[in-house]
Amino acid sequence: MINEVLRVFRELDKKDFRVLTGIEMGMKHFEWVPAEDLNKYTKLPSEKLDYRLKKLVRNNLVVRTFQPYEGYQIYFEGYDALALNTFVKRKSISAIGDEVGVGKESVIFEAIKEPELAIGEPIPVIIKFHREGRTSFKQVKRVRDHLGEREHFSWIYAARLAAQREYGIMTTLYPKVSIPKPIDQNRHAIVMELAKGSILSKTKVLDPEWYLDEILRQVKLTYSLGIIHADLSEYNIFVAEDCVQLIDWPQYVTPDHPHADELLERDVSNVLNHFYKKYGTRRDLEEVLREIKSEWESRAGDEAGKEISGEAGEEIGTETEADFEEDIQG
């Protein structure tokens, strides 16, 4: 899909992006944005708007229906184009390369970011496009806390919220926790530095004890900040010669989540099971969990004392409605 977007991207101009943005705005209120409403959103004369719409439909960036009325949608191709345009304008990327990963709810591409200093080398980065629209509405709505109780819902909106949520927690964790550096986010996409090394599931490490200790140290550090990954396994841990990095954060929860203990136990069990099956390395699950929770529980006790004396700290991981109302013009 992204290859088709890249093929036509250079042919798009400001008015094309205005039409795409107009449809995006309209989709907050309509499943299919009525043609007459697009004049209001885009402020283009009818003839020019019709020309632009035909061009975008022809290039598969916009979908059109005539039943029960003439209406328009953008799907991921149009949304990709909007996000890429914003990243280029912000100089977060200057070129995009090959697909390097794909999952149920995301697709990842290599890209290049120009250095801040003219004498520097281009910086390799990745763009993660969230694709929560591939999952059924009911399943996404059931398992994703960040959707809340929103009445008007679209697959594109779900992907956007997932990207905002993941980028938000990455900026909170970095650089305290070993994760790729977050660089930028727009709509359903995130630009971040490349993860170091290679994915744990496909790598045989020479010192499994050290790597297991380091992974558990990062899990403990994350928990001490009030965060549980909630989907950790050998498939979203990268290992390099001198470090590990944890990736894929949109499903994180906090320790006050009703299933927090269960999710933390699953994360740790996945890691311990991988090292036991591949290397014969044993750890006691309950002992590891106690160690991971120790610092947070001690801190929570201190914070409870502060609350009693009127010195409560700032809540971690809160999100407001304003966080989801980013200027769609980028």
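Residues numbered from 1 in each chain as written. Predicted model: local features only at pLDDT ≥ 70, side-chain atom pairs only at ≥ 80, totals over all residues. Heavy atoms only, no water.

A. Summary view of the sheet that holds strand β3 (residues 71-73). Spatially, three strands are ordered β1-β3-β2 in an open sheet, and the strand pairing comes out antiparallel. The sheet is open, and its two borders are formed by β1 (33-34) and β2 (63-65), each paired with just one other strand. Alignment of β2 against β3, held across three bridges, turns out to be antiparallel. Directly across from Arg 64, in β3, lies its bridge partner Tyr 72. (Pairing = 2+ DSSP bridges. Helix = DSSP H or I, 4+ residues; strand = E, 2+ residues; numbered from the N terminus.)

B. Structural context of the pattern of salt bridges. Scanning the entire structure with this criterion turns up 17 salt bridges. Linking Glu 24 and Arg 160 is a salt bridge whose minimum nitrogen-to-oxygen distance equals 4.0 Å. Of this pair, Glu 24 sits in helix α2 (residues 14-26) while Arg 160 sits in helix α7 (residues 155-173), and the two are 136 residues apart along the sequence. Taking relative accessible area as the criterion, Arg 160 reaches 4% and is therefore assigned buried. A salt bridge links Lys 40 to Asp 37, with the shortest nitrogen-to-oxygen separation between them at 3.9 Å. (Salt bridge = Lys/Arg side-chain N within 4 Å of Asp/Glu carboxyl O. Buried < 20%, exposed > 50% of the residue type's maximum accessible area, 1.4 Å probe, protein only.)

C. Expanded view of unusual backbone geometry. Of note, the bond from Gln 67 into Pro 68 is cis; its omega dihedral lies within 30 degrees of zero at 0 degrees. As for its position among the elements, Pro 68 is in the loop between β2 and β3. Phi at Asp 248 is positive, roughly 65 degrees, even though this residue is not glycine.

D. Looking closely at the environment of Ile 169. Within the secondary structure, Ile 169 is located in helix α7. A relative accessible area of 2% places Ile 169 in the buried class. With 83 residues separating them in the primary sequence, Ile 169 and Tyr 252 have C-alpha atoms 8.2 Å apart.

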